[in-house]
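Letter by letter, the chains look like this.
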Amino acid sequence: ARSRIIKAGGSIITFEQLAVEAPLGQNTMIMQGRRTKREANRHFGAPGLPKTHAKPFVRIRSRNHEMQEAAGRAEATKLNLFYRFYLNLGQTKKKKKKRKKSTLR
């Protein structure tokens, strides 16, 4: 972007230089780059889940490795559900006591 601005006859200066040249900011245009353009922003989210476009952190770029990674997460989730069920087998649920309707009105 810097080269295109300079080619078009513009100049790029800091805020301190701007304060000296134009204290009121007349005939100036302040521009700012996109904050979400960073590479790190591409990785935000959960890769492998449906309807997400997050870029996974992978050592080798191939579809098979990404599928293995997602399969590993799915397997871990199944195991977690199994262990939760297994641990809760010994615990019985408390039955709700029914209240008797009072006959006094």
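Structure: above.
Just so we're clear, the structure is a prediction, and the values are computed from it rather than from any experiment.

Q: I'd like to hear about the overall build of the protein, residue by residue, with values.
A: Of regular secondary structure, the protein possesses three helices and zero strands. Across the 105 residues that make up the protein, the buried fraction comes to 7%. Contacts in the protein between residues far apart in sequence, at least 24 positions, make up 6% of those at least 6 positions apart. For the protein, the computed accessible surface area is about 11500 Å², with 56% contributed by carbon and sulfur atoms.

Q: Provide a residue-level description of the layout of surface pockets, including the pertinent values.
A: Where empty space is left becomes clear once a probe the size of a water molecule has been rolled over the atoms. Empty space within the largest pocket amounts to approximately 670 Å³. Forming the boundary of the largest pocket are 18 residues, of which Ser11, Ile12, Met29, Ile30 and Met31 lie nearest the centre. Secondary-structure elements contributing two or more residues to the lining of the largest pocket are helix H1 (2-7) and helix H2 (15-21). Ranked by the residues each element gives to the lining of the largest pocket, the list is headed by H2, at three residues. Looking at the lining of the largest pocket, its residues break down into 10 nonpolar, six polar and two charged.

Q: Go over the pattern of salt bridges with me, naming the residues and quoting the values.
A: As enumerated under the stated definition, the model contains two salt bridges in all. Measuring nitrogen to oxygen at the nearest pair gives 3.8 Å for the salt bridge that ties arginine 42 to glutamate 39. For glutamate 39, a relative accessible area of 40% corresponds to the partly exposed category. Here glutamate 39 makes a salt bridge to lysine 55, at a shortest N to O gap of 3.3 Å. Taken together, the residues span a long stretch of sequence, with glutamate 39 in the loop between H2 and helix H3 (63-88) and lysine 55 in the loop between H2 and H3 at a distance of 16 residues. Assessed through its relative accessible area of 37%, lysine 55 is described here as partly exposed.

Q: Hey, could you go over the environment of glutamate 39 for me, with residue numbers and the actual values?
A: Sequence separation between glutamate 39 and lysine 55 is 16 residues; the distance between their C-alpha atoms is 9.6 Å. There is a polar contact of 3.2 Å between the side chain of glutamate 39 and the side chain of histidine 43. Only 3.3 Å separates the side chain of glutamate 39 from the side chain of lysine 55, close enough to count as a polar contact.

Q: Go over unusual backbone geometry with me, naming the residues and quoting the values.
A: Note on backbone geometry: most residues besides glycine have negative phi, and most peptide bonds are trans. Here asparagine 27, not a glycine, exhibits a phi torsion of approximately 55°, which is positive. With respect to the helices, strands and loops of the structure, asparagine 27 is situated in the loop between H2 and H3. A positive phi angle, close to 65°, is found at lysine 51, a residue other than glycine. Under the relative-accessibility criterion, lysine 51 is labelled exposed at 84%.

Q: Lay out the side chain of asparagine 41 with the relevant residues and their values.
A: Here asparagine 41 lies in the loop between H2 and H3. With residues near it in sequence (within four places) discarded, asparagine 41 still touches Arg35 and Thr36.

Thresholds applied
- Residues numbered from 1 in each chain as written.
- Predicted model: local features only at pLDDT ≥ 70, side-chain atom pairs only at ≥ 80, totals over all residues.
- Heavy atoms only, no water.
- Helix = DSSP H or I, 4+ residues; strand = E, 2+ residues; numbered from the N terminus.
- Buried < 20%, exposed > 50% of the residue type's maximum accessible area, 1.4 Å probe, protein only.
- Contact = heavy atoms within 4.5 Å.
- Areas by Shrake-Rupley, 256 points an atom, 1.4 Å probe, with all protein chains shown as cover.
- 1 Å grid on protein atoms, 1.4 Å probe; cavity = no way out; pocket = protein on both sides within 12 Å on 5 of 7 lines; lining within 4 Å.
- Points joined across faces, edges and corners; volume = space filled by probe spheres on them.
- Nonpolar A, V, L, I, M, F, W, Y, C, P; charged D, E, K, R; others polar.
- Salt bridge = Lys/Arg side-chain N within 4 Å of Asp/Glu carboxyl O.
- Polar contact = N/O pair within 3.5 Å; in protein donor to acceptor, adjacent residues only side chain to side chain.

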